[in-house]
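For reference, the chains in residue letters:
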Amino acid sequence: MNRISGAVFGILNDAQKAQFAALATEQAPEYVAIAQLRWPLIKAFYRQLNGEIPAGSDGLNKAAVTKYVGDFFAKDAEMSYRRAEVTAKVYLSLTATQKTAFAKMKFGDFSSWPNVDEEGIKQFTRDHREPFYNIAFMTYMSEFFSWTAGSVDADTYFCPERHGTYFGGFYMKDMPAMGKRDFNISTSVTGDSGEAFVEKVCNADQKTIMQAITDQQRAALKEVVSVRRLISTELRKFLAGQTPDKAKVITLGHRYGELDGEMSWYYTIAFAKVNKTLSTDQKAALVKLRNLDGYQSAPAYLYSQPVQTAPTLPNTDIFFTTPK
């Protein structure tokens, strides 16, 4: 990301950079808000895991989870619409010289990208103190290239690991990288650990519960592909100088969130069932498999930034079925 952000920054002029700077100022607080909306959901998932459900309730309510996730994915879609609007405006303002410079950079081939020093970006953003401003600005730089040089197919592509990110998988592999420069995270660590968990730690009954998730989420994953393609097709109208249907994009974003919430509900129910049956030896094997001895977690995180004071959360009973 640093490499492509620096390359794009080196090509854009000050007026174009200023548009992304204004967008970063506008959206930085929104990134924080979306992250904070995830916290109550994660708390509810842990309540299901630990059996801390309201008296008389049957447990986590699928409809409540899907609606909640749909609501904040709709906010994400609105932010994406705005990002696409600004990105396209900059794209349509490129000079012939700038277009020639971008044409030399191959999509998917970082060796063709100029290795521009990041100091220019640091100087450009040095006076901004909003949380996540710099991250937002850097992201816009990198995505300017990936989106304008990409395609609907590239936009539609996703990894299933992108969904259900409420269960510590990214924490498990990202914790050793936090605060370190030029740290490489293995692309296979979660897959290898998951395979070891299911094949070497789980007993037959636990394995059956875990493997059932694949079929449970299959239809949702397929629909995610369709929804992402529809969103991409709509947003790419900006690049052609047209105006996409904002309401349609937000509606699609909401559906996207519902699908993510549905899959996450499947995960939570299955994980909680397996957790109830884990033996002491199995739990010890999982701690060893996690391989995070010596690392200390903060009470909460805003993306990769630790929040040292535990946040005050609303009552998470709303995520559970109504007690009978």
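Bear in mind that the values here come from a model prediction, so they are computed numbers and not experimental data.

Colleague: Can you walk me through the overall build of the chain in this structure?
Modeller: From N to C terminus, the chain includes 12 helices and two strands. In sequence order, the chain lays out its α and β elements as α-α-α-α-α-α-α-α-α-α-α-α-β-β. Over its C-alpha atoms the chain spans a radius of gyration of 22 Å, differing by no more than 12% from the 20 Å that the globule rule assigns to 324 residues. Viewed in the frame of its principal axes, the chain has a C-alpha envelope of about 65 × 45 × 35 Å. In the chain, which comprises 324 residues, the share counted as buried stands at 42%. Looking at the chain as shown, the accessible area adds up to about 17,600 Å², and 54% of this sits on carbon and sulfur atoms.

Colleague: When you look at the nonpolar core in this model, what are you seeing that I'm missing?
Modeller: Counting residues in each nonpolar core, the largest one holds 72 residues, and the members touching the most others are Leu12, Phe20, Leu41, Leu60, Phe102 and Phe137. Contributions of two or more residues to this core are made by α1 (2-11), α2 (14-50), α3 (62-91), α6 (133-148), α9 (189-201), α10 (204-235) and α11 (246-277). Considering every element that reaches this core, the biggest residue donor is α3, with 12 residues. Judged by nonpolar contacts, the second largest core, of seven residues, contains Val32, Ala35, Phe132 and Ala300.

Colleague: What's the story with the pattern of salt bridges in this structure? I'm lost.
Modeller: Any two side chains of opposite charge can pair, so long as their charged atoms come close to each other. For the coordinates displayed, the defined rule picks out 15 salt bridges. The closest approach of N and O atoms between Glu143 and Arg83, which form a salt bridge, is 2.4 Å. One end of the pair, Glu143, is in helix α6; the other, Arg83, is in helix α3, with 60 residues separating them in the sequence. Looking at Glu143, the relative accessible area reads 32%, which means it is partly exposed.

Colleague: How should the packing of α9 against α10 be read in this particular structure?
Modeller: As a packed pair, α9 and α10 sit with axes 9 Å apart at the nearest point and diverge in direction by 145°. Touching Phe197, Val198, Glu199 and Val201 of α9 are Gln206, Lys207, Met210 and Gln211, all from α10. Considered class by class, the residues forming the contact of α9 with α10 number four nonpolar, two polar and two charged.

Colleague: It is not clear to me how the packing of aromatic side chains should be interpreted in this structure. Could you clarify?
Modeller: Aromatic rings in a pair are described by how distant their centres are and how their planes are angled relative to each other. Tallied over the full model, the rule gives 20 aromatic pairs. Aromatic pair Tyr68 and Phe72: ring centres 5.9 Å apart, planes at 80°, arrangement edge-to-face. Placement of the pair is Tyr68 and Phe72 together in helix α3, with a separation of four residues, close to one helical turn. A relative accessible area of 18% places Tyr68 in the buried class. Phe72 sits in the buried class, given a relative accessible area of 4%. Linked through ring pairs, Phe45, Tyr166, Phe167, Tyr267 and Phe271 together constitute an aromatic cluster. The positively charged end of Lys17 is found above the aromatic ring belonging to Phe9, 3.8 Å away from the centroid.

Colleague: Before we go on, may I ask you to explain the side chain of Arg236 in this structure?
Modeller: Inspection of the secondary structure puts Arg236 in the loop between α10 and α11. Leaving out residues up to four positions away in the same chain, Arg236 has contacts with Trp147, Gly150, Ser151, Val152 and Asp155.

Colleague: Explain the packing of α9 against helix α12 (residues 280-290) to me, please; I cannot follow it from the model alone.
Modeller: Think of two packed helices as two axes; the pair is described by the angle between the axes and how far apart they sit. Interhelical geometry of α9 versus α12 gives an angle of 160° and a closest axis separation of 11 Å. Considering their axes alone, α9 and α12 lie roughly antiparallel with respect to each other. The chirality of how α9 crosses α12 is right-handed. Contacts from Ser193, Ala196, Phe197 and Val201 of α9 reach α12 at Gln282, Ala285, Leu286 and Leu289.

Rules used throughout
- Residues numbered from 1 in each chain as written.
- Predicted model: local features only at pLDDT ≥ 70, side-chain atom pairs only at ≥ 80, totals over all residues.
- Heavy atoms only, no water.
- Helix = DSSP H or I, 4+ residues; strand = E, 2+ residues; numbered from the N terminus.
- Rg over C-alpha atoms; globule rule 2.2 N^0.38 Å.
- Buried < 20%, exposed > 50% of the residue type's maximum accessible area, 1.4 Å probe, protein only.
- Areas by Shrake-Rupley, 256 points an atom, 1.4 Å probe, with all protein chains shown as cover.
- Core = buried A, V, L, I, M, F, W, Y, C linked by side-chain atoms within 4.5 Å.
- Salt bridge = Lys/Arg side-chain N within 4 Å of Asp/Glu carboxyl O.
- Axes fitted to C-alpha atoms, helices over the stretch in contact; angles between N-to-C directions.
- Contact = heavy atoms within 4.5 Å.
- Nonpolar A, V, L, I, M, F, W, Y, C, P; charged D, E, K, R; others polar.
- Phe/Tyr/Trp six-rings, centres within 6.5 Å; stacked < 30°, edge-to-face > 60°.
- Lys NZ or Arg CZ within 6 Å of the ring centre and 35° of its normal.
- Parallel < 35°, antiparallel > 145°, perpendicular 65-115°, else oblique.
- Left-handed = near helix turned anticlockwise from the far one by under 90°.

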